[in-house]
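Below, each chain spelled out in residue letters.
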Amino acid sequence: MATKLHPLGAPRAGYVWGANTGHIDMATTPARPVPLRIAAAPQNITIDLKRSAMIVIDMQNDFCAKGGWVDYLGADYTPDRKPIKPLQKLLPVLRQAGMPVIWVNWGNRPDLANMPPNQIHLYKPAGTGIGLGDPLPGSGAPVLQKDSWAAAVVDELEQKPDDIKVDKHRISGFWDTPLDSILRNLGVRTALFSGVNTDQCVLHSLTDANFLGYGCVLVEDCCATTSPDFCTEATIWNVKKCFGFVTDSGKILKALKKK
């Protein structure tokens, strides 16, 4: 009687080995595809629910809440709150369909040891004021520092225990992070993108994913920015032209309802 093979790999991995004392099976059968056809632009798309992930970027207090960093800087933070309601509807349905939800958020080290001067300058151009890691007036929370109120996801969006969390330290979620390794170990080939800011952290995470070979889908109504409207228009145009596809939460929910 053959000895049972035990799986070797992350619990949710798309590719695992089988192992026992005398044998390693590297040719285990992959999960059967679960296709989902979604209306999108510039073309409609079919994704595999077993090989896709939803990436939610920077829906954090510093960007999206009263008393956060953007609010302190005197900018209107309310546009960055627009993705909250569509994400509240979409994320539970995606989880139920088996799609991983990955939260990619700024999470600086307290000593900023991996932040080169050009990144610190980006948010503190004259060398003075409140920049990365500096305490916010009022709350005292250090700007975008890991485990601080400032870096926490807004209360209105629930993070489930099975969700995956990745700290980032650049505008792109792929630089100096394990995001690519996580996606590859999960067997992900298509990444859906949401969060803030559309034209900055969302766009550049999406473009890096494109360069790494992932199929990229921007979920338009689940993204937002405090930048001028033309920045969003240019982002949407460029994604459709060069980097992937654009859809919205309503189209995804409609597709899932048909399953």
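Please refer to the structure higher up on the page.
Everything quoted here is computed from the prediction, not taken from an experiment. (Residues numbered from 1 in each chain as written. Predicted model: local features only at pLDDT ≥ 70, side-chain atom pairs only at ≥ 80, totals over all residues. Heavy atoms only, no water.)

Draft legend 1. View of the packing of aromatic side chains. If you walk through the whole model with that rule in mind, you get four aromatic pairs. Ring centres of Trp106 and Tyr123 lie 5.8 Å apart, and the angle between their planes is 90°; on these two criteria the pair is classed as edge-to-face. With Trp106 in strand S7 (residues 101-106) and Tyr123 in helix H4 (residues 117-123), this pair connects stretches of sequence that are 17 residues apart. On the basis of relative accessibility, which here comes to 1%, the residue Trp106 falls in the buried class. Given a relative accessible area of 23%, Tyr123 falls into the partly exposed group. (Phe/Tyr/Trp six-rings, centres within 6.5 Å; stacked < 30°, edge-to-face > 60°. Helix = DSSP H or I, 4+ residues; strand = E, 2+ residues; numbered from the N terminus. Buried < 20%, exposed > 50% of the residue type's maximum accessible area, 1.4 Å probe, protein only.)

Draft legend 2. Main features of unusual backbone geometry. Residues Ala41 and Pro42 are joined by a peptide bond in cis, for which omega reads 5°. Position of Pro42 relative to the elements: it lies in the loop between strand S4 (35-38) and strand S5 (45-48). In this structure, the amide linkage connecting Val196 to the following residue, Asn197, adopts the cis form with an omega of -15°. Along the polypeptide, Asn197 turns up in the loop between strand S9 (190-196) and helix H6 (198-211).

Draft legend 3. Region of interest: the sheet that holds strand S2 (residues 17-20). The three strands are arranged S1-S2-S3 in an open sheet whose pairing can be described as antiparallel. The sheet is open, and its two borders are formed by strand S1 (6-8) and strand S3 (23-25), each paired with just one other strand. Across the sheet, the mean angle separating the axes of adjacent strands is 30° when strand polarity is ignored. (Pairing = 2+ DSSP bridges. Axes fitted to C-alpha atoms, helices over the stretch in contact; angles between N-to-C directions.)

Draft legend 4. Highlighting the side chain of Ser205. Within the element layout of this structure, Ser205 appears in helix H6. Overall, Ser205 belongs to the buried group, its relative accessible area being 1%. In terms of polar contacts, Ser205 uses its side chain to reach the backbone carbonyl oxygen of Cys201, at 2.7 Å. Filtering out sequence-adjacent residues up to four positions away, Ser205 remains in contact with Ile57, Ile171, Ser172, Gly173, Phe174 and Phe193. (Polar contact = N/O pair within 3.5 Å; in protein donor to acceptor, adjacent residues only side chain to side chain. Contact = heavy atoms within 4.5 Å.)

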